[in-house]
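Structural overview for review
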Amino acid sequence: MAKALEILSTENELFRIYLFYSCVLVLKVLLMAPLTAIQRFKHKAFANAEDAISEKVKPKTHDNVERVRRAHLNDLENIPVFLVAGLAYILTNPSVWLATMLFRVFTISRMIHTIVYAVYVLPQPARFFAFLGGLLTTIYMAVQALIYFFV
Amino acid sequence: MAKALEILSTENELFRIYLFYSCVLVLKVLLMAPLTAIQRFKHKAFANAEDAISEKVKPKTHDNVERVRRAHLNDLENIPVFLVAGLAYILTNPSVWLATMLFRVFTISRMIHTIVYAVYVLPQPARFFAFLGGLLTTIYMAVQALIYFFV
Amino acid sequence: MAKALEILSTENELFRIYLFYSCVLVLKVLLMAPLTAIQRFKHKAFANAEDAISEKVKPKTHDNVERVRRAHLNDLENIPVFLVAGLAYILTNPSVWLATMLFRVFTISRMIHTIVYAVYVLPQPARFFAFLGGLLTTIYMAVQALIYFFV
């Protein structure tokens, strides 16, 4: 059995790859806030009275704002659990190639998901497949780790 | 003081137990998405026009869908912070028995919470106690770690 | 290049500081649940029929409840990604002083954010600057780690 202290080392290529994709995903999630702000100002749809540019603008919702917010929430539902599953998975000492592929498929899937949901809306099943790409990679990693660490 | 490099080792039983419960919780969170989808199709209550099976079905909400969504959001409010508190806690070198009990109580509490909230609705205080089970275990672990790592 | 196994040690001051602020932030997020409950009881605005103190109280929303819920969601959008970026950042072997400052600015920013959003509402740009304090520290750490771990 591999030792975690050799795996959780910045000299270990796979751990570096994991940290790289983690940071890409962190920045991707953070991008949703300015994206929401742009839509709020464009449609004058603010959540709070104090946010509006003028006192005459009452808080309201707009579907383009809500689409970005739903895409953001979907990120929160999928990205933190992926980062946990991914860390558990690399501790099972998997092939670097396969693990890198899984991180890449997940990251690209989540980016496509946001684009087709909230930037350039495409008909289904575009969003469904982007969601599935993220879901299946996470489930695969979590199940592999679950079997490996079964106590 | 215990060394983290001995604790964060896959040869350390407690770290393996932590990783096992983490993966169980990851899969539990991911299960909320198909659970939401089932309720959406059952009640024809979709969030987006492009998701509906027919163009005549307008986006709408339904309480059974919203219950699953609230249970999902409650998971997001409690599970990621538990995983952080749990990791900090095992680095304090606690008793394996107590830590395992805390992970188990948290995991079972969260499962009961979802069931009584969104699958088979029970009157209060069922959900309140399930929520409390998760909350108190997390607070205990975070406070123990806070005292241990106080700088 | 620094070895992760020396960094991820409870004997390493920076890792201890990271764990300390992580636990503070975990408790801060958990505090949002009782804060929401207080507002729900105060305004008799419950999300579910079974939560109300009397059967005559129908589920409804109230802006003071929604403000706490939006502050809570904003925490979920920013705190887990900060904890990931922060861990990746300390693995780049930064100055202890700078890293501690970044953790401190983030933590205080998030506390101010909740206060001006949901406890004692202040006009903008109070919340905007509190949000920015959290966002910029996270982006800085994620970008630094991204460059360091670029593969």
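Before reading further, recall that the structure is shown in the block above.
Residues numbered from 1 in each chain as written. Chains lettered and ligands numbered in written order. Predicted model: local features only at pLDDT ≥ 70, side-chain atom pairs only at ≥ 80, totals over all residues. Heavy atoms only, no water.

This part is about the interface of chain C and chain B. With 27 residues of chain C at the contact, the number on the chain B side is 34 residues. For the interface between chain C and chain B, the tally reads three salt bridges. Our count for the chain C to chain B interface comes out at eight residue pairs in polar contact (both at pLDDT 80 or more). Of the residues forming the side of chain C that touches chain B, the biggest block, 13 residues, is contributed by helix α2 (residues 13–42) of chain C. Of the residues contributing to the side of chain C that touches chain B, the split by class is 17 nonpolar, five polar and five charged. (Contact = heavy atoms within 4.5 Å. Salt bridge = Lys/Arg side-chain N within 4 Å of Asp/Glu carboxyl O. Polar contact = N/O pair within 3.5 Å; in protein donor to acceptor, adjacent residues only side chain to side chain. Helix = DSSP H or I, 4+ residues; strand = E, 2+ residues; numbered from the N terminus. Nonpolar A, V, L, I, M, F, W, Y, C, P; charged D, E, K, R; others polar.)

Glancing now at helix α2 (residues 13–42) of chain A. Residue and element names in this part refer to chain A. With 30 residues, α2 should cover 44 Å at 1.5 Å per step; its first-to-last C-alpha distance of 44 Å lies within 8% of that length. Where α2 begins, the side chain of Asn12 points an oxygen toward the backbone nitrogen of Leu14, at a separation of 3.2 Å. Just past α2, the residue Lys44 takes up positive phi, approximately 50°. (Expected span 1.5 Å × (residues − 1).)

Residues and elements named next belong to chain B. Positionally, Gly134 belongs in helix α6 (residues 126–148). On the accessibility criterion, Gly134 (1% relative accessible area) is buried. Excluding its chain neighbours within four sequence positions, the residues that come into contact with Gly134 are Phe106 and Ser109. (Buried < 20%, exposed > 50% of the residue type's maximum accessible area, 1.4 Å probe, protein only.)

Across all of its chains, the model carries 24 salt bridges over all chains by this definition. Residue A:Lys28 pairs with A:Asp75 through a salt bridge whose shortest N-O separation is 2.7 Å. With A:Lys28 in helix α2 and A:Asp75 in helix α3 (residues 63–90), this residue pair connects regions lying 47 residues apart in the sequence. Comparing A:Lys28 with A:Asp75 shows no difference in burial state: the two are buried. The structure contains a network of salt bridges with shared partners spanning A:Glu50, A:Asp51, C:Asp63, C:Arg67, C:Arg70 and C:Arg127.

Keep in mind these numbers describe shape, not what the thing actually does.
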